Amino acid sequence: PDGYTMSQLNIPAFYSGYLDPQQKRKENLDSFLPIANQISDWGTMVIKKGDPRFSSAKELIEYAKENELLAGDAGKGSNKHLVTENIKKHFNGIKLTAVHQKGWNDNYAALLGGHIDVGWGSVGETLQAYIDGEVDILCVFAPSRSPALPEVPTFKELELGAINSPSDRGFMLPAGVDKAIYEKICNAFEKAINNPEHVEKMKQLGMIVNYIGGSDYITYAKENEEVMRSFADVMGWK
């Protein structure tokens with residue numbers, strides 16, 4: 001904990017590494033000191049371009065109440081997998097089956113090949129395929145519309161439920177860093193992350209800067225840890 005050793009922090013993927021007792025990891029959130037969040041890459045609902053069965057998120061949900069749909073995610077415990085589980089909680093009895101993949105590239109190929117019906121991917125991952133006209137993005141799982149996809153509604157906006165799916169990317173230090181050093185690093189990250197040139201470069205990549213720093217970021221990380229704990233039964237962590 002000298003201030004020179006740090007790591008990226010991906011929420012929520014970080015939590016499953018130690019909340020899963022099979023991993024037998026002694027480290028947890030308290031082993032680290034979060035610095036700042038850089039990016040919140042919100043999740044999207046993606047289908048193959050022009051799928052005749054549904055052209056909106058509402059139509060997809062209604063269809064899945066009567067017909068089984070295969071939903072591709074980014075692996076068990078990922079924020080994409082939690083989208084499936086959240087939708088199943090909101091719509092009791094809905095026929096949505098999670099298909100665990102390695103990531104968006106697998107979901108992209110599976111969608112185009114007709115092997116899955118819907119894929120969950122982040123804005124940054126799915127934007128280019130959407131621009132190229134190969135997929136339709138039916139909604140964004142975010143509190144508000146993405147500046148990168150201003151024409152695409154949020155799931156909440158469609159009155160389907162308040163389901164958010166962020167892939168938060170930030171930075172952390174080992175626990176025990178001197179307070180003065182920690183504050184200096186936090187100040188540096190705040191300036192760098194909020195730099196207008198950086199913000200614009202990220203936007204061009206479909207990634208939206210969402211700075212959360214210092215004590216606020218620590219609180220945010222703890223709150224999201226509790227959210228992840230609520231899925232322990234689904235994940236088989238008990």
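Residues numbered from 1 in each chain as written. Predicted model: local features only at pLDDT ≥ 70, side-chain atom pairs only at ≥ 80, totals over all residues. Heavy atoms only, no water.

**Q** Please give an account of the overall build of the protein that cites residues and values.
**A** If you tally the helices and strands in the protein, you get nine helices and eight strands. A compact globule built from 238 residues should have a C-alpha radius of gyration of about 18 Å, and the protein, at 19 Å, falls within 12% of that. Summarising its shape, the C-alpha atoms of the protein cover approximately 60 × 45 × 30 Å along the three principal directions. Burial status across the protein gives 50% buried among its 238 residues. Looking at the protein alone, contacts between residues at least 24 apart form 74% of all its contacts between residues at least 6 apart. Side-chain charges of the protein comprise 25 positive and 32 negative groups, with the mean position of each set lying 3 Å from the other. (Helix = DSSP H or I, 4+ residues; strand = E, 2+ residues; numbered from the N terminus. Rg over C-alpha atoms; globule rule 2.2 N^0.38 Å. Buried < 20%, exposed > 50% of the residue type's maximum accessible area, 1.4 Å probe, protein only. Contact = heavy atoms within 4.5 Å. Lys, Arg positive; Asp, Glu negative; His and termini not counted. Charge placed at Lys NZ, Arg CZ, Asp CG, Glu CD.)

**Q** Kindly report on the nonpolar core, identifying the contributing residues and their values.
**A** Grouped together as the largest cluster of nonpolar side chains are 23 residues, with contacts concentrated most on Met45, Leu60, Ile87, Trp120, Phe141 and Phe155. Those elements giving two or more residues to this core turn out to be strand S2 (32-48), helix H2 (57-64), strand S3 (69-73), helix H3 (79-90), strand S5 (118-122) and strand S6 (135-141). By residue number, the principal contributor to this core is H2, which donates four residues. Every residue in contact with Phe155, bar those within four places of it in the chain, is listed here: Met45, Ile61, Ile87, Phe91, Cys139, Val140, Phe141, Leu160, Gly161 and Ile163. Residues Tyr15, Tyr18, Met228 and Phe231 belong to the second largest nonpolar core, which totals 18 residues. (Core = buried A, V, L, I, M, F, W, Y, C linked by side-chain atoms within 4.5 Å.)

**Q** Quick rundown of the layout of surface pockets? Include the residues and the values.
**A** Each pocket or cavity is described by its volume, and for the largest pocket that value is around 310 Å³. Lining the largest pocket are 17 residues; nearest its centre among them are Asn164, Ser165, Pro166, Asn224 and Val227. Elements with a minimum of two residues in the lining of the largest pocket: H3 and helix H8 (214-229). Top element by residues in the lining of the largest pocket is H3. It accounts for five residues. Of the residues contributing to the lining of the largest pocket, the split by class is 11 nonpolar, six polar and no charged. (1 Å grid on protein atoms, 1.4 Å probe; cavity = no way out; pocket = protein on both sides within 12 Å on 5 of 7 lines; lining within 4 Å. Points joined across faces, edges and corners; volume = space filled by probe spheres on them. Nonpolar A, V, L, I, M, F, W, Y, C, P; charged D, E, K, R; others polar.)

**Q** Describe the side chain of Lys80, naming the residues involved and giving the relevant values.
**A** Mapped onto the fold, Lys80 is located in helix H3. What makes Lys80 buried here is its relative accessible area of 6%.

**Q** I'd like to hear about the packing of aromatic side chains, residue by residue, with values.
**A** This model, assessed by the stated rule, comprises nine aromatic pairs. Geometrically, the ring pair formed by Phe14 and Tyr18 is edge-to-face, given 5.4 Å between the ring centres and 70 degrees between the ring planes. Residue Phe14 and its partner Tyr18 are both found in helix H1 (residues 13-19); the two are separated by four residues, about one turn of the helix. Just as Phe14 is buried, Tyr18 falls in that class too. Taking the centre distance of 6.5 Å and the plane angle of 80 degrees together, the rings of Tyr15 and Tyr18 count as edge-to-face. Highlighted residues: Tyr15 and Tyr18, both in helix H1, separated by three residues, approximately one helical turn. Exposure remark for Tyr18: the relative accessible area of 13% places this residue in the buried category. When the ring centre of Phe231 is taken as reference, the NZ or CZ atom of Lys89 above it lies at 4.4 Å. (Phe/Tyr/Trp six-rings, centres within 6.5 Å; stacked < 30°, edge-to-face > 60°. Lys NZ or Arg CZ within 6 Å of the ring centre and 35° of its normal.)

Just distances and angles here, no functional claims.
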